[in-house]
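Chains, contacts and geometry: an overview
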Amino acid sequence: GAVVSQHPSWVICKSGTSVKIECRSLDFQATTMFWYRQFPKQSLMLMATSNEGSKATYEQGVEKDKFLINHASLTLSTLTVTSAHPEDSSFYICSARDGQGDYNEQFFGPGTRLTVL
Amino acid sequence: AQKVTQAQTEISVVEKEDVTLDCVYETRDTTYYLFWYKQPPSGELVFLIRRNSFDEQNEISGRYSWNFQKSTSSFNFTITASQVVDSAVYFCALIDNTGTASKLTFGTGTRLQVTL
């Protein structure tokens, strides 16, 4: 149980295009999902927290207009990188919290590697 | 604000050696959770352990063991008889402000290289 999937696992796009990354909880209802970003050889940095049906809460320094997050259902959250540029190339990881489970447990997806040319 | 420090950036050992990865944390809360994750080259985070602040008992799971000491705010991770498959980046993490607003704070990670 407690499986989180991400799609796509990797994506290459041209500068200026938008890319959507999906995060799904497969066997539980995720009232809260988190989006992290990880640059090569660095740690995971929380970008935003999204609660189902409400606006995401962004961490300081993260542009909400550039990284659009939609948590429209209890099993799906999407991150859209708008007008992507090479500096947005990174590894994006989502995690999900079970709405009926322990608040202090997060289940991580396998990550999406984004390369912007 | 909470903080997790992993002072060791990279460690290289020969197979069968024991290795300890250090983790020091800072928090103002009395209730918090500590975690260790493994990140192999594939990138997917693998959960290893969670420990709450009220449980200072050390834990052993096969070749893995963890030493939690509140007095020094440390939660160190030891791999006994290391193997090549243990090569990965290991992250220590902390959740405080427990409840619906709780967020994970990660350390900078320790890259472990186990060679033959």
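Presented here is a report on the structure given in the accompanying data block. Throughout, a residue's number is its position along its own chain's written sequence, starting from 1. Labels follow written order: the first chain is A, the first ligand is 1, and so on. Given that this is a predicted model, residues contribute local features only at a pLDDT of at least 70 and side-chain atom pairs are listed and counted only at 80 or more, while totals for whole chains, interfaces and linings are drawn from all residues. Only heavy atoms go into the side-chain values, all of them from the structure, while hydrogens and water stay out.

With that settled, consider the overall build of chain B. If you tally the helices and strands in chain B, you get zero helices and 12 strands. In chain B, the succession of α and β elements from N to C terminus is β-β-β-β-β-β-β-β-β-β-β-β. In this description the radius of gyration comes from C-alpha coordinates, and the expected globular size is given by 2.2 Å times residues to the power 0.38. The C-alpha radius of gyration computed for chain B amounts to 14 Å, which stays within 12% of the reference 13 Å derived for 116 residues, consistent with globular compactness. Counting only C-alpha atoms and orienting by the principal axes, one finds that chain B spans roughly 45 × 30 × 20 Å. Note on exposure labels: buried denotes an accessible area under 20% of the residue type's maximum, exposed denotes more than 50%, and partly exposed covers the range between, all computed with a 1.4 Å probe on protein chains only. Here chain B holds 116 residues, and the buried ones make up 46% of them. Here the contacts in chain B between residues at least 6 apart in sequence split such that 56% fall between residues at least 24 apart. Carbon and sulfur atoms provide 47% of the accessible area of chain B, an area that totals close to 5700 Å². Within this scheme the basic residues Lys and Arg register as positive and the acidic residues Asp and Glu register as negative, but His and the chain ends are omitted. Working definition for charges: the position is that of NZ of Lys, CZ of Arg, CG of Asp or CD of Glu. Each charge sign in chain B was given a centre, from 10 positive and 13 negative side chains, and these centres are 4 Å apart. Numbering of helices and strands runs from the N terminus, with a helix taken as a DSSP run of H or I at least four residues long and a strand as a DSSP run of E at least two residues long. Two residues qualify as a contact provided that any one of their heavy atoms is within 4.5 Å of a heavy atom in the partner residue. A 1.4 Å probe and the Shrake-Rupley method give the accessible areas. Residues count as covered only by the protein chains that appear here.

So, on to the interface of chain A and chain B. The interface of chain A with chain B comprises 22 residues on the first partner and 21 residues on the second. By buried area we mean the combined loss of accessible area, with a 1.4 Å probe, across both parts when two parts are placed together. A combined buried area of about 1700 Å² lies between chain A and chain B, and 50% of that area is made up of carbon and sulfur atoms. By definition, a salt bridge exists where a carboxyl oxygen of Asp or Glu is found within 4 Å of a side-chain nitrogen of Lys or Arg. Taken together, chain A and chain B are joined by one salt bridge. The residue A:Glu59 makes a salt bridge to B:Lys103 at a minimum N-O spacing of 2.9 Å. Any pair of nitrogen or oxygen atoms within 3.5 Å is treated as a polar contact; in protein, a donor-acceptor pairing is required on top of that, and neighbouring residues in sequence qualify only through side-chain atoms on both sides. In this assembly, chain A and chain B are joined by three residue pairs in polar contact (both at pLDDT 80 or more). Those elements giving two or more residues to the side of chain A that touches chain B turn out to be strand S4 (30–38), strand S5 (44–51) and strand S9 (90–98) of chain A. Classification used: nonpolar for Ala, Val, Leu, Ile, Met, Phe, Trp, Tyr, Cys and Pro, charged for Asp, Glu, Lys and Arg, polar for all others including Gly. In terms of residue class, the side of chain A that touches chain B is made up of nine nonpolar, seven polar and six charged.

Right, let's talk about a nonpolar patch on the surface for a bit. A contiguous nonpolar patch, built from A:Trp10, A:Ile12 and A:Leu117 and spanning about 390 Å² of accessible area, is present on the exposed surface. Relative to the helices and strands, A:Trp10 is located in strand S2 (residues 10–13). Patches were defined on residues exceeding 30% relative accessible area and lacking a salt bridge, with like-charge contacts within 9 Å and nonpolar side-chain contacts (Val, Leu, Ile, Met, Phe, Trp, Tyr) within 5 Å.

In this text, buried Ala, Val, Leu, Ile, Met, Phe, Trp, Tyr and Cys residues form a nonpolar core when linked through side-chain atoms within 4.5 Å. By size, the foremost hydrophobic cluster in this structure holds 26 residues, and its most contacted members are A:Phe67 and A:Leu114. Of all the elements in the fold, those that place two or more residues in this core are S2, strand S3 (19–25), S4, S5, strand S7 (67–73), strand S8 (76–81), S9 and strand S11 (112–116) of chain A. With near-sequence residues (within four places) excluded, A:Phe67 lies in contact with A:Arg37, A:Met47, A:Tyr58, A:Val62, A:Leu79, A:Thr80, A:Val81, A:Asp88 and A:Tyr92. Membership of the second largest hydrophobic core comes to 24 residues, among which are B:Trp36, B:Trp66, B:Phe75 and B:Phe77.

For Phe, Tyr and Trp, rings pair up if their centres lie within 6.5 Å, where Trp contributes its six-membered ring, and each pair is then called stacked (planes under 30 degrees apart), edge-to-face (over 60) or tilted (otherwise). Applying the stated criterion across every chain, the model contains 18 aromatic pairs over all chains. Ring plane angle 90° and centroid distance 5.7 Å describe the contact between A:Tyr36 and B:Phe106, whose orientation is recorded as edge-to-face. Of this pair, A:Tyr36 sits in strand S4 while B:Phe106 sits in strand S11 (residues 103–106), which puts the two residues in different chains. With respect to class, A:Tyr36 is no different from B:Phe106; both count as buried. Through a chain of ring-to-ring contacts, three or more aromatic side chains come together here, namely A:Tyr36, A:Phe108, B:Phe35, B:Tyr37, B:Phe47, B:Phe91 and B:Phe106. Criterion for a charge above a ring: Lys NZ or Arg CZ within 6 Å of the ring centre, and within 35 degrees of the ring normal. Taking the ring centre of A:Phe91 as reference, the NZ or CZ of A:Arg113 above it sits at 4.3 Å.

Here the focus is the state of the cysteines. Criterion for a disulfide: a pair of cysteine sulfur atoms within 2.5 Å. With the rule as written, the count across this model stands at two disulfides over all chains. Put simply, A:Cys23 and A:Cys94 are joined by a disulfide, and their sulfur atoms are 2.0 Å apart. Across the S-S bond linking A:Cys23 and A:Cys94, the dihedral sits near 80°, which makes this disulfide right-handed. One end of the pair, A:Cys23, is in strand S3; the other, A:Cys94, is in strand S9, with 71 residues separating them in the sequence. Taking relative accessible area as the criterion, A:Cys94 reaches 0% and is therefore assigned buried. Two residues share a disulfide in this structure: B:Cys23 and B:Cys92, whose sulfurs sit 2.0 Å from each other. Sign of the S-S torsion, about -65° for the bond between B:Cys23 and B:Cys92, identifies this disulfide as left-handed. Residue B:Cys23 is found in the loop between strand S3 (19–21) and strand S4 (24–26), and its partner B:Cys92 is found in strand S10 (residues 88–96); the two are separated by 69 residues along the sequence. On the accessibility criterion, B:Cys23 (0% relative accessible area) is buried.

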